[in-house]
Amino acid sequence: MSNVQTVKAIYEAFGKGDVPFILSCLDENVDWEKWDDNYAQQAGVPYMRHIKGRDGVVNFFGEVAKLGVKGFEVLAIMEGENKIAVHFTISTENFDEDEIHLWTFNDEGKITGFRHYLDTAKHIAVAEKVRSSAAS
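Report follows, based on the coordinates.

1. Some remarks on helix α1 (residues 3–16)
Link 1 in the chain: The end-to-end C-alpha separation of α1 is 20 Å, in line with the 20 Å expected for 14 residues at 1.5 Å each.
Link 2 in the chain: Burial in α1 covers these residues: Asn3, Val4, Thr6, Val7, Ala9, Ile10, Tyr11 and Ala13.

Listed below in C-alpha cells is the structure:
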C-alpha cells in the first residue's frame, strides 16, 4: 500500500471508529504531536499532547471522542517524499475547524510522525470551556 493509500485508509477507519487499524499503521515509536513550541500543548489541550509510542496514541483517540465529532471531510491530499499533508475539516459539538494534518512515514511504510496544524487559540478556548464546565 502506498503512503497515500495508507492515509486514505486511516481516514476511512477514523470514520468507522476503527482505532486498531489506525494503530496498526503506526511505527511503535511514533512521535505524535511532537513540537518544540506549541501554545495548545502549553495550555494543556488534551488531544494536542506529545505522545511517544503507538500505545499512547490510544489516549489521543479517547480525547478526540470526547469532542463529540459530528462529521469530517478530507478536502485534499498532498504528497512529498516521505510526508503526506491532508487538508481536513471537522465539525464537533464545540467547534468547526479547518486543519492540515501532516503524516511522516519511514521506508517501511509505517507512520513515524503526526501533527495537527490548526487554530490553537480556538482549541485553547474550547479546552478551557470544557475544563470549567467539568469543575462546576
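2. Quick look at the pattern of salt bridges
Link 1 in the chain: Taken as a whole and judged by the stated rule, the model has three salt bridges.
Link 2 in the chain: Its salt-bridge partner being Lys66, residue Glu63 comes within 3.2 Å of it at the nearest N-O pair.
Link 3 in the chain: By relative accessible area, Glu63 is classed as buried at 17%.
Link 4 in the chain: In this structure, the salt-bridge partner of Glu97 is Lys122, at a minimum N-O distance of 3.3 Å. Residue Glu97 is located in strand β5 (residues 96–105), and its partner Lys122 is located in helix α5 (residues 120–135); the two are separated by 25 residues in the primary sequence.
Link 5 in the chain: Residue classification places Glu97 among the buried positions, given a relative accessible area of 7%.

3. Focus on the packing of aromatic side chains
Link 1 in the chain: Taken as a whole and assessed by the stated rule, the structure comprises 13 aromatic pairs.
Link 2 in the chain: Between Trp35 and Tyr117, the aromatic rings sit 5.1 Å apart at their centres with planes inclined by 70°, giving edge-to-face as the arrangement. Here the residue Trp35 occupies a position in the loop between β1 (26–32) and α3 (39–42), and Tyr117 occupies one in strand β6 (residues 111–117), the gap between them amounting to 82 residues.
Link 3 in the chain: In textbook terms, an aromatic cluster arises when at least three aromatic residues are bridged by ring pairs, as seen for Tyr11, Phe14, Trp32, Phe60, Phe61, Phe72, Phe88, Trp103 and Phe114.
Link 4 in the chain: Over the ring of Trp35 we find Arg115; its NZ or CZ atom is 3.9 Å from the centre of that ring.

4. Describing the pairing of strand β4 (residues 83–92)
For a regular strand, side-chain orientation follows a simple rule: the groups alternate between the two sheet faces.
Link 1 in the chain: Relative to β4, strand β3 (residues 69–80) is paired through ten bridges, and the arrangement is antiparallel. Within β4, the residue paired with Glu73 across the bridge is Thr89.
Link 2 in the chain: Between the end of β3 and the start of β4, which pair antiparallel, lie two residues, with Glu81 showing a positive phi angle near 55°.
Link 3 in the chain: Direction of pairing for β4 relative to β5: antiparallel, over a ladder of nine bridges. The residue bridging Ser91 from the neighbouring strand is Asp96, located in β5.
Link 4 in the chain: Where β4 folds back onto β5 in an antiparallel hairpin, the turn is made up of three residues.

5. Here we look at the environment of Lys122
Link 1 in the chain: On the basis of relative accessibility, which here comes to 27%, the residue Lys122 falls in the partly exposed class.
Link 2 in the chain: Put simply, Lys122 and Asp96 are 26 residues apart on the chain and 9.7 Å apart in space, counted from C-alpha to C-alpha.
Link 3 in the chain: Sequence-distant contacts of Lys122, that is, excluding residues within four places in its chain, are made with Phe95, Asp96 and Glu97.
Link 4 in the chain: Here the side chain of Lys122 touches Asp96 through a polar contact of 2.7 Å, landing on its backbone oxygen.

6. Examining α5
Link 1 in the chain: In this model α5 runs 22 Å from its N-terminal to its C-terminal C-alpha over 16 residues, within 8% of the 22 Å that 1.5 Å per residue would give.
Link 2 in the chain: Along α5, the residues classified as buried are His123, Ile124, Val126 and Ala127. For α5, the angular spread of the buried residues around the axis is 165°, confining them to a single face. Opposite its buried face, α5 presents the exposed residues Ala121 and Lys129, each directed more than 90 degrees away.
Link 3 in the chain: Residues of α5 that are buried make contact with α3 and β5.
Link 4 in the chain: Between a side-chain oxygen at the N-terminus of α5 and the backbone nitrogen of Ala121 the separation is 3.2 Å; the capping residue is Asp119.

Rules behind the numbers
Residues numbered from 1 in each chain as written. Predicted model: local features only at pLDDT ≥ 70, side-chain atom pairs only at ≥ 80, totals over all residues. Heavy atoms only, no water. Helix = DSSP H or I, 4+ residues; strand = E, 2+ residues; numbered from the N terminus. Expected span 1.5 Å × (residues − 1). Buried < 20%, exposed > 50% of the residue type's maximum accessible area, 1.4 Å probe, protein only. Salt bridge = Lys/Arg side-chain N within 4 Å of Asp/Glu carboxyl O. Phe/Tyr/Trp six-rings, centres within 6.5 Å; stacked < 30°, edge-to-face > 60°. Lys NZ or Arg CZ within 6 Å of the ring centre and 35° of its normal. Pairing = 2+ DSSP bridges. Contact = heavy atoms within 4.5 Å. Polar contact = N/O pair within 3.5 Å; in protein donor to acceptor, adjacent residues only side chain to side chain. Arc of directions from axis to C-beta.

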